[in-house]
Amino acid sequence: MSERAREPFVVVGKSVRKVDGVGLVKGKPKFVADVDLSDVLHVRILGSPHAHARIVSIDTSAAERIPGVVAVLTHANTPATRHTTAGQGYPEPSPYDTRMFDTKVRFVGDRVAAVAAETEEAAEKALRALRVTYEELPAVLSIDEARAHGAPVIHDEGDSTGIYDAARNIVADVDIDVGDVGRGFAQSAVTVETTCETQYAQHTPIETHVVHSLLDSDDRLVLRTSTQVPFHARRIVAQTLGIPIQRIRVIKPRVGGGFGAKQEVLLEDIAGWVTLRTGRPAFVCLSRAEEFVAARTRHPMRVRVKLGANADGVLQAIEMEATSNTGAYGAHGLTVLANTGSKTLPLYNKAENAHFYGQAVYTNLPVPGAYRGYGATQGYFPLETAMDELAERLGLDPIELRRRNHIRVGEGSPIFEKLGEGREGVSQTVKSCELERCLAVGAERIGWREKRGTRRREGPWVHGVGMSIMMQGSGIPQIDMAAATIKMNEDGSFNLLVGATDIGTGSDTILAQIAAEVLGVPASRMIVTSSDTDLTPFDVGAYASSTTYVSGMAVERAAGKVREQILSVAAAMCKEPVENLRLLEEHVVGPAARVPLAEVCRRAMYSSEQFQIAATASCVPTESPPPFLASFAEVAVDVETGRVKVVRYVAVADCGVPINPLMAEGQIEGSIVNGLGYALTEEMLLSSTGRVRNPSLFDYKIPGALDVPALDVILVGSYEPTGPMGAKSVGEIGINGPMPTIANAIYDAVGVRLHETPFTPERVLAAIRREAAERCPLA
């Protein structure tokens with residue numbers, strides 16, 4: 001449900017049908033694998049069996065003799081360019097520490113070689129025929145081992161760049177001070193400190209990474225790829241393969257889920273190189289096991305938080321220290337680490353003294369990357385756990401403690417300037433925040449007053465309630481850029497061309513609604529073309545919660561320019577000044593005239609002072625306005641088995657004006673379910689040699705429909721003056737809530753604090769037994 005927004009919109013703020021909805025229901029949109037694959041070369045990749053080893057030799061002769069094998073790729077016959085796989089703006093803030101194929105492997109599943117063959121069977125047979133000799137090296141299998149004195153150096157090559165301290169396995173180091181935390185803690189009446197640790201987790205998109213490559217009639221390389229970042233993919237592939245950007249076209253078809261995993265450029269280089277070398281189309285698709293092992297994951301982290309407050313609960317100091325495991329390569333290592341602090345600490349800006357310190361370290365384990373929440377998820381778990389501990393020490397209700405400390409309209413934080421993802425020195429003040437209302441509505445919906453502290457029992461099940469609050473961002477200021485083009489057709493319809501990447505999020509619909517609102521037409525009159533580097537203008541892609549805010553502003557600006565052109569033509573037709581005219585219901589309306597848009601376009605095209613009504617506009621944001629969310633959960637804990645059951649979950653969000661309320665609610669619901677899995681069941685299990693032990697959806701438990709509790713999502717309307725139509729982002733923030741909310745609810749139920757995820761029955765039961773033993777040591 002959505003409360004009424006400030007502005008009387010006609011199209012915006014309405015839950016219109018998705019522009020691609022009917023086609024999706026009919027199964028018409030094409031995914032990468034839905035093309036004719038009869039003439040393709042099937043590409044399979046050989047992964048390393050070792051966590052850390054040098055490749056002494058690769059004998060490809062037997063593989064090359066297998067009928068149907070067309071090419072075998074190794075480090076000996078492929079480009080050696082160092083690059084990053086992170087699909088980020090240029091210059092990328094991630095180290096250039098990756099090659100297409102290297103002489104050293106750094107995790108189990110790392111690329112060793114690839115085979116292109118006429119059939120999948122021939123490619124698989126050829127992989128088995130490859131003879132690789134390895135020199136095994138000592139492996140680094142934890143963040144503690146990585147930081148130990150004399151630890152094996154994972155990136156000892158001389159040509160990688162952008163690594164903070166390769167000799168000590170440190171990818172990135174961040175150290176930011178505001179005020180004096182030592183003095184702040186000394187002056188505090190109460191301090192609390194907690195350390196939490198999060199696990200390896202995989203995105204598990206229903207469609208794994210997949211690419212289809214071919215040469216067009218002009219011998220240009222065309223990549224149809226399941227990606228969130230078409231333009232970044234084009235640039236990185238050009239760099240890796242050593243060919244001009246002009247020779248590459250990237251097309252994003254329908255995408256079967258991304259969640260950050262497809263902000264990575266993982267397969268496009270191999271498919272492209274096979275096509276350039278052979279002249280043949282190529283197709284490469286990761287199996288589910290390969291997606292677990294060799295794609296990307298969330299960064300496991302250990303995060304320590306210390307809080308100091310006055311007796312009235314007002315914070316005096318916050319300290320956060322984060323150690324991030326970035327696996328074998330450093331993609332997104334710096335920015336995820338920085339976000340752990342930058343998306344969390346400004347929330348409690350009453351603390352005038354703050355310190356964030358963090359390191360991202362290499363290990364010989366699977367490679368993390370971008371994942372919905374992007375570091376904030378790992379930061380909010382200890383921060384909101386510590387806030388609950390502080391409330392208990394002070395004898396305050398957890399909601400009241402947060403009310404006394406959270407950021408408000410007109411306020412800022414030095415953290416925005418010192419630690420944000422944008423360019424250094426970017427500061428901002430909050431211009432919209434309805435967190436107070438979020439707290440009030442959420443508390444009422446969950447029954448906070450009635451249920452908190454009651455520990456209601458039903459047999460072995462004990463109930464409790466918990467809560468947390470959070471903020472996120474809307475794009476990356478002064479770095480993200482989006483553009484949009486709109487042209488008018490003579491029937492009064494419009495083509496909307498955007499580089500923005502709809503990966504199932506509904507951005508095509510959202511952007512159509514924004515344009516339609518400006519142009520006075522239904523969203524159905526917008527013909528949307530997106531994510532083709534030849535046809536659409538530039539956009540950074542689907543990440544950083546940027547599309548609605550950044551791409552939406554570009555669309556609003558382009559539509560505004562088109563609107564001006566329409567009114568200019570219509571003014572001559574109506575013999576009225578432009579200021580007397582407006583666009584409404586597919587007409588130009590004036591005091592004494594009502595002209596259909598189709599007639600306006602026909603006049604511009606065919607009759608008088610002819611020109612194409614069209615415009616392109618761009619947006620580079622100067623701010624990143626945060627959405628806000630209050631999360632509440634009721635849980636039941638089985639004290640005999642440790643099983644945790646989420647009975648009900650309430651999320652109340654301020655995302656500005658929701659362009660499409662139903663889709664906004666769907667984004668929050670999806671991110672909550674994603675977060676529930678991360679909190680309760682999802683964990684990549686690793687062997688003592690660094691191998692993933694559960695690389696399947698049978699052994700890696702994501703929530704199914706029957707696992708989802710009653711969800712209550714409420715949108716509390718606000719108006720963000722810097723956003724398109726008053727909108728802010730909504731896609732990521734919900735995932736940050738389940739971990740701290742459930743942890744705090746478990747404590748309310750059974751009195752145990754959990755500091756390691758996921759909250760499996762084994763961990764919960766062990767904590768219950770430890771607590772009981774500490775209370776009654778002789779029992």
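Now for a description of the structure that goes with this document. What you see is a predicted model, and the numbers here were worked out from it, not measured in a lab.

Comments concerning the pairing of strand E8 (residues 190-197)
In regular strands, side chains alternate between the two faces of the sheet. Covered by surrounding structure in E8 are Val190, Val192, Thr194 and Cys196 only, the residues Thr191, Glu193, Thr195 and Glu197 on the alternate face being uncovered. Bridge count for E8 against strand E13 (residues 301-309) is eight bridges, and the pairing is antiparallel. Note that in E13 the partner of threonine 195 across the bridge is arginine 304.

Quick notes on the packing of aromatic side chains
Overall, the coordinates contain five aromatic pairs when judged by the stated rule. Ring centres of phenylalanine 292 and tyrosine 700 lie 5.0 Å apart, and the angle between their planes is 65 degrees; on these two criteria the pair is classed as edge-to-face. A residue pair is termed long-range when its members are at least 10 positions apart, and phenylalanine 292 in helix H8 (residues 288-294) and tyrosine 700 in the loop between helix H18 (661-680) and strand E27 (710-715) qualify at 408 residues. Pair check on accessibility: phenylalanine 292 and tyrosine 700 agree, each one buried. Measuring from ring centre to ring centre gives 5.8 Å for phenylalanine 381 and phenylalanine 759, while their planes differ by 65 degrees; the resulting arrangement is edge-to-face. On the criterion of sequence distance, the pair formed by phenylalanine 381 in helix H10 (residues 376-394) and phenylalanine 759 in the loop between helix H19 (738-750) and helix H20 (761-775) is long-range, its members being 378 residues apart.

Topic: the pairing of strand E25 (residues 628-638)
Taken across its eleven residues, E25 has eleven buried, putting it largely inside the fold. The two faces of E25 match: Phe628, Ala630, Phe632, Glu634, Ala636 and Asp638 on one face and Leu629, Ser631, Ala633, Val635 and Val637 on the other face are all buried. Where strand E17 (residues 461-471) lies against E25, eleven bridges are found, and the strand directions are antiparallel. Its bridge partner being in E25, glycine 466 is matched across the sheet by alanine 633. Across ten bridges, the pairing between E25 and strand E26 (residues 644-654) is antiparallel. Across the sheet, residue serine 631 finds its bridge partner in E26, namely alanine 651. Between E25 and E26, which pair antiparallel one after the other, the connecting turn spans five residues, and glycine 642 there sits at a positive phi close to 85 degrees.

Examining the layout of surface pockets
Counted as a void, the second largest pocket has a volume near 470 Å³. In this structure, the second largest pocket is lined by 28 residues; those nearest its centre are Phe107, Gly109, Asp110, Arg111 and Ala294. For the lining of the second largest pocket, the secondary-structure elements that each account for two or more residues are strand E1 (41-47) and H8. Residue contributions to the lining of the second largest pocket peak at four residues, all from H8. Considering only residue class, the lining of the second largest pocket consists of 15 nonpolar, five polar and eight charged.

A few points about the side chain of glutamine 565
The topology assignment puts glutamine 565 in helix H16 (residues 547-574). One polar contact links the side chain of glutamine 565 to the main-chain carbonyl oxygen of alanine 614, over a distance of 2.8 Å. Non-local contacts of glutamine 565, meaning those with residues more than four positions away in its chain, are made with Phe611, Gln612, Ile613, Ala614 and Ala615.

A look at the sheet that holds strand E12 (residues 282-285)
Ordered by their spatial adjacency, seven strands build an open sheet running E3-E5-E1-E12-E9-E10-E11, and the pairing between neighbours is mixed. Only two strands of the sheet have a single neighbouring strand rather than two, namely strand E3 (69-73) and strand E11 (248-251). Within the sheet, the average angular offset between the axes of one strand and its neighbour, ignoring direction, is 20 degrees. Strand direction decides the pairing type here: E1 and strand E5 (residues 111-117), joined by six bridges, are antiparallel.

The rules behind the values
Residues numbered from 1 in each chain as written. Predicted model: local features only at pLDDT ≥ 70, side-chain atom pairs only at ≥ 80, totals over all residues. Heavy atoms only, no water. Buried < 20%, exposed > 50% of the residue type's maximum accessible area, 1.4 Å probe, protein only. Helix = DSSP H or I, 4+ residues; strand = E, 2+ residues; numbered from the N terminus. Pairing = 2+ DSSP bridges. Phe/Tyr/Trp six-rings, centres within 6.5 Å; stacked < 30°, edge-to-face > 60°. 1 Å grid on protein atoms, 1.4 Å probe; cavity = no way out; pocket = protein on both sides within 12 Å on 5 of 7 lines; lining within 4 Å. Points joined across faces, edges and corners; volume = space filled by probe spheres on them. Nonpolar A, V, L, I, M, F, W, Y, C, P; charged D, E, K, R; others polar. Polar contact = N/O pair within 3.5 Å; in protein donor to acceptor, adjacent residues only side chain to side chain. Contact = heavy atoms within 4.5 Å. Axes fitted to C-alpha atoms, helices over the stretch in contact; angles between N-to-C directions.

By themselves these figures say nothing about function.
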